[in-house]
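# Overview (structure and organization)
Residue strings, one per chain:
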Amino acid sequence: MKRIFLVFIIISSLLLLFGQPARAQNPVEAETMQIDIWPEYDRKDALVIYRIILSPQTTLPAQISLRMPREAIQPYNVAYKDVDNKLYNMQYNSTVDGDWLRITATCPAQEIQFEYYDSRLVRTGTTRLFDYRWPGDLKVKNMTFRVQQPVNASAMKITPQQGTPSVEDGLTYYTISVGAVEAGTPFTFQMSYTKSDEALSAASQPVKASDPVNVNQAN
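Heads up: these notes are all about the structure in this document. Fair warning: this is a prediction, and the values are worked out from it, not measured in the lab.

Pairs of aromatic rings are described using the distance from one ring centre to the other and the angle between the two planes. Throughout the structure, instances matching the rule amount to ten aromatic pairs. Relative to Tyr 116, the ring of Tyr 50 lies with its centre 6.3 Å away and its plane at 90 degrees, an arrangement referred to as edge-to-face. Here Tyr 116 lies in strand 8 (residues 111-118) and Tyr 50 lies in strand 2 (residues 46-54), a separation of 66 residues in the sequence. Overall, the relative accessible area of 0% leaves Tyr 50 in the buried class. For Tyr 116, a relative accessible area of 1% gives the class buried. Within the aromatic cluster, the residues linked to one another by ring pairs are Tyr 50, Phe 114, Tyr 116 and Trp 134.

Here it is as structure tokens:
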């Protein structure tokens with residue numbers, strides 16, 4: 001009788017242990033995220049830069065997964081900012097995800113910088129048109145969208161919101177406060193402007209857009 005009772009206890013314990021659903025890990029959240037769009041900065045494409053600060057509650061190292069258009073082929077920069085305030089490249093994996101390329105990396109710090117060049121900048125005569133889509137990869141408490149107007153460009157128009165203009169290093173920037181964004185919530189910004197020459201904005205600037213300290217990537 002005791003043996004039967006002991007077997008019953010063991011079986012019950014196993015059922016409780018393996019019958020419970022696995023607890024999902026808390027998804028990575030961003031405290032702040034600034035999305036920079038720099039058309040015709042140092043290439044004829046649009047440079048897209050994500051500046052992300054993870055939530056203070058994030059356990060490090062943290063795995064982060066971001067999507068970029070498949071046409072971009074590969075990211076220009078996948079880096080973290082260390083305590084010395086310098087950027088260091090992270091190893092990453094890339095997988096095709098429909099129309100997107102999913103970039104996954106393990107970040108040892110709270111600050112992340114992710115960059116790619118988007119070749120889908122449409123040119124029709126002197127008119128330029130570019131559509132940017134945020135695919136909703138992260139929950140962000142405070143998101144900001146910032147567009148750099150190319151050198152010698154005019155008639156900059158951004159929809160659905162024009163944003164607040166300011167001048168830095170001789171270039172005009174339009175800053176748009178998006179606010180809180182839930183994960184899985186995509187949105188689109190469209191921008192157009194007029195430009196009659198092929199001059200790149202970087203030629204008028206004293207420094208590059210970003211330059212990581214070391215390069216250590218794995219596709």
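Below, the discussion takes up the nonpolar core. By size, the foremost hydrophobic cluster in this structure holds 46 residues, and its most contacted members are Ile 35, Ile 37, Tyr 50, Ile 52, Tyr 132, Trp 134 and Phe 145. The dominant element in this core, judged by the number of residues it contributes, is strand 2, at five residues. Listed in part, the eight residues of the second largest apolar core include Leu 47, Ile 49, Val 151 and Tyr 173.

Turning our attention to the sheet that holds strand 3 (residues 62-69). Backbone hydrogen bonds are what pair the strands of a sheet, in a parallel or an antiparallel way. On the basis of which strands lie adjacent, the open sheet formed by three strands has the order 3-7-6 and antiparallel pairing. For this open sheet the edge positions go to strand 3 and strand 6 (92-97), each flanked by a neighbour on one side alone. Each strand axis lies, on average, 25 degrees off the axis of its neighbour in the sheet, ignoring direction. Bridge count between strand 3 and strand 7 (residues 100-107): eight bridges; the pairing is antiparallel. Directly across from Arg 67, in strand 7, lies its bridge partner Arg 102.

What counts and what doesn't
- Residues numbered from 1 in each chain as written.
- Predicted model: local features only at pLDDT ≥ 70, side-chain atom pairs only at ≥ 80, totals over all residues.
- Heavy atoms only, no water.
- Phe/Tyr/Trp six-rings, centres within 6.5 Å; stacked < 30°, edge-to-face > 60°.
- Helix = DSSP H or I, 4+ residues; strand = E, 2+ residues; numbered from the N terminus.
- Buried < 20%, exposed > 50% of the residue type's maximum accessible area, 1.4 Å probe, protein only.
- Core = buried A, V, L, I, M, F, W, Y, C linked by side-chain atoms within 4.5 Å.
- Pairing = 2+ DSSP bridges.
- Axes fitted to C-alpha atoms, helices over the stretch in contact; angles between N-to-C directions.

Take it as geometry only, folks, not as evidence of what the structure does.
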